[in-house]
Amino acid sequence: FALQSLDRTMEVGQRRIQPMDLEIQRIEERQPISVKVYFLDGTFRTLLVTSQTRAQQVIASLSMALRLNHGESFGLFEMEEPRPGWEKRVYAKRDLMDRQAKIDDLQHMPYDRELETNERIMDVYSSWTRSSKKKQRRIRFVFKCKLHSKAQENSYTRNGWKIAFLTVVWHVIHGMYPLEEADACNLGALQLQAQHGPQESSFYVPGVIQDVIERYVPYTMLEQYNASQCEAKILSKHGMFKHVDKQDAYRKYIEYLRKSNASVYFGCAYFRCVRVSRLKKQNTNEQIDLLLGISENGVIFVHPTTLAIIERYKMEEILTYGFRSNAFLFVAGTLMTQRKYQFATMLGKQMNDLLRAHIDLRVQQAEVQGFSVQQQ
């Protein structure tokens, strides 16, 4: 046991965080450690790991267990789930800060970081109690979809559809889509069908989701209507979907969002940033607190509370990009009219890697299409 552990340690490298007492105890007992990995509906899987287990091994294990055929589209995150609507309170305070104070305050934003493939699981787990920046937070491992690709969806397995669906639902109820009320109700009805599937007519009656209505509608709807009213609006739409099975409901939910008025926001992974370049000195009202959304369609700059789109670039308009430990940089536009941007962020590498993954996927798809044309 000791020699095998030493070999794995030599392969992985030295520890970054001091081990927890529980980890030391399990090593002394020559036993693995149980770790829970959650999904965005609150369910979880318990995995056995050792001191040397890396994130890529956990992802591979989950992908195999869930039979995911596009494992690269899913990722393991250390994440806390703030109460929907927290942005209004936080950004109201940030409006009073100067630019440097806003940059310094980014470290206090809700945690949502993808683990790098070679990170030790127990280093991350231990950091939740050892790190001064994390120990007051409620962080857990979450497995979710990080990259939505329409081309890949054509061959998703059932669990692939489900995880993609849960990721999109999370964004909807947290208000990351500027939806009209009718769209929100239709989506709530589809989610209800995806949750329970075809049932007797007596099942879908008032009270079926009233106690958990916050899981079915954007938080902004609950500011206008009470739980009973929101449930009634969803049930009034549900009849259209009552014969749909669960997997088809996952697919229809995603397709509905793709075709809605908020389609430009679909599939975006959002990063909270402060813009530190291309600011007009004479315009002190220019928005510098931003959400940077990255999707298969490109990059959008979004106002963090109104969700108004400030800038938008298609993927083919992104000329180059890069990162530093505390910044993300990219150049967009055309060769004749380039615009350079720099953003302060805690997640520059994650943004860089996600953008590269989208571009690599586009190249792969173009190669496949080109090969198909040649074959014909």
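Parameters and conventions
Residues numbered from 1 in each chain as written. Predicted model: local features only at pLDDT ≥ 70, side-chain atom pairs only at ≥ 80, totals over all residues. Heavy atoms only, no water. Helix = DSSP H or I, 4+ residues; strand = E, 2+ residues; numbered from the N terminus. Rg over C-alpha atoms; globule rule 2.2 N^0.38 Å. Buried < 20%, exposed > 50% of the residue type's maximum accessible area, 1.4 Å probe, protein only. Contact = heavy atoms within 4.5 Å. Core = buried A, V, L, I, M, F, W, Y, C linked by side-chain atoms within 4.5 Å. Pairing = 2+ DSSP bridges. Axes fitted to C-alpha atoms, helices over the stretch in contact; angles between N-to-C directions. Parallel < 35°, antiparallel > 145°, perpendicular 65-115°, else oblique. Left-handed = near helix turned anticlockwise from the far one by under 90°. Nonpolar A, V, L, I, M, F, W, Y, C, P; charged D, E, K, R; others polar. Expected span 1.5 Å × (residues − 1). Polar contact = N/O pair within 3.5 Å; in protein donor to acceptor, adjacent residues only side chain to side chain. Salt bridge = Lys/Arg side-chain N within 4 Å of Asp/Glu carboxyl O.

### Overview of the overall build of the chain
And then number 1: Secondary structure assignment for the chain yields 13 helices and 12 strands.
And then number 2: The C-alpha atoms of the chain give a radius of gyration of 22 Å, which matches the 21 Å a tight globule of 376 residues would have.
And then number 3: Counting only C-alpha atoms, the chain reaches 65 × 60 × 60 Å along its principal axes.
And then number 4: Residues classed as buried in the chain amount to 47% of the 376 residues present.
And then number 5: Contacts in the chain between residues at least 24 apart in sequence constitute 67% of all its contacts with a sequence separation of at least 6.

### Considerations on the nonpolar core
And then number 1: Core analysis: the largest hydrophobic core is formed by 75 residues, its most contacted members being Phe141, Phe143, Tyr177, Tyr253, Leu257 and Tyr265.
And then number 2: The leading source of residues in this core is helix H8 (residues 158-173), at 10 residues.
And then number 3: If near-sequence neighbours (up to four positions away) are discounted, Leu257 is found in contact with Val168, Val172, Tyr177, Leu179, Leu187, Ala262, Ser263 and Phe266.
And then number 4: By size, the runner-up hydrophobic cluster in this structure holds 22 residues, among which are Cys273, Phe301, Met351 and Leu361.

### Observations concerning the sheet that holds strand S10 (residues 318-324)
And then number 1: Taking strand neighbours across the sheet as the criterion, the 7 strands line up as S9-S8-S7-S6-S12-S11-S10 in an open arrangement whose pairing is antiparallel. The open sheet has two free edges, formed respectively by strand S9 (309-314) and S10, since each of these has just one partner strand. Pairs of neighbouring strands in the sheet enclose a mean axial angle of 30°, with direction left out of account.
And then number 2: With respect to the sheet, helix H4 (residues 86-94) is in contact with strand S6 (269-275) and strand S7 (289-295), its orientation differing from that of S6 by roughly 10°.

### Notes on the packing of helix H9 (residues 181-196) against helix H12 (residues 246-259)
And then number 1: H12 packs onto H9 with a crossing angle of 160° between their chain directions and a minimal axis gap of 7 Å. As the angle between them shows, H9 and H12 are arranged roughly antiparallel. Two packed elements cross with a definite hand, and for H9 against H12 that hand is left-handed. Here H9 contributes Ala182, Asp183, Asn186, Leu187, Leu190, Gln191, Gln193, Ala194, Gln195 and His196 to the contact with H12, which in turn contributes Lys246, Ala249, Tyr250, Lys252, Tyr253, Tyr256 and Leu257.
And then number 2: Here the contact of H9 with H12 is composed, by residue class, of 9 nonpolar, 5 polar and 3 charged.

### Side note on H8
In an α-helix, one turn spans 3.6 residues, which is why side chains three or four residues apart end up on the same side.
And then number 1: The first and last C-alpha atoms of H8 sit 22 Å apart over 16 residues, in line with the 22 Å expected at 1.5 Å per residue.
And then number 2: Across the 16 residues of H8, 13 count as buried, placing the element largely inside the fold.

### What to know about the pairing of strand S1 (residues 33-38)
And then number 1: Note: S1 against strand S2 (residues 44-49), 6 bridges, orientation antiparallel. Bridging across to S2, Val35 finds its partner in Leu47.
And then number 2: Hairpin connection of S1 to S2: 5 residues between the antiparallel strands, including Gly42 at a positive phi of 90°.
And then number 3: Bridge count for S1 against strand S5 (residues 140-145) is 2 bridges, and the pairing is parallel. In the strand pairing of S5, Tyr38 is matched with Val142.

### Comments concerning the environment of Glu81
And then number 1: Its place among the elements puts Glu81 in the loop between strand S3 (74-79) and H4.
And then number 2: Taking the relative accessible area as the measure of exposure, Glu81 reaches 33% and is therefore partly exposed.
And then number 3: Ignoring anything within four residues of it in the chain, the contact list for Glu81 reads Leu40, Arg140 and Trp170.
And then number 4: Within the structure, the side chain of Glu81 is placed 2.8 Å from the side chain of Arg140, a separation counted as a polar contact.
And then number 5: Polar side-chain contacts of Glu81 include one of 3.1 Å to the side chain of Trp170.

### Remarks on the pattern of salt bridges
And then number 1: Taken as a whole and judged by the stated rule, the model has 22 salt bridges.
And then number 2: A salt bridge links Glu78 to Arg113; the shortest N-O distance between them is 2.7 Å. In this pair, Glu78 sits in strand S3 while Arg113 sits in strand S4 (residues 112-114), placing the two residues 35 residues apart along the sequence.
And then number 3: Overall, the relative accessible area of 0% leaves Glu78 in the buried class.
And then number 4: Across the pair Lys134 and Glu78 runs a salt bridge, and its minimum N-O distance is 3.1 Å. With Lys134 in the loop between helix H6 (121-130) and S5 and Glu78 in strand S3, this pair connects stretches of sequence that are 56 residues apart.
And then number 5: Its relative accessible area of 9% is what places Lys134 among the buried residues.
And then number 6: Linked by salt bridges that have partners in common, Glu78, Arg113, Glu119 and Lys134 make up one network.

### With respect to the packing of H8 against H12
And then number 1: At a minimum axis separation of 9 Å, H8 and H12 run at an interaxial angle of 45°. When the axes of H8 and H12 are compared, the pair comes out oblique. The hand of the H8/H12 crossing is left-handed. Touching Arg158, Trp161, Lys162, Ala164, Phe165, Val168, Val169 and Val172 of H8 are Lys246, Gln247, Tyr250, Arg251, Tyr253, Ile254 and Leu257, all from H12.
And then number 2: Class assignment for the residues of the contact of H8 with H12 results in 10 nonpolar, 1 polar and 4 charged.

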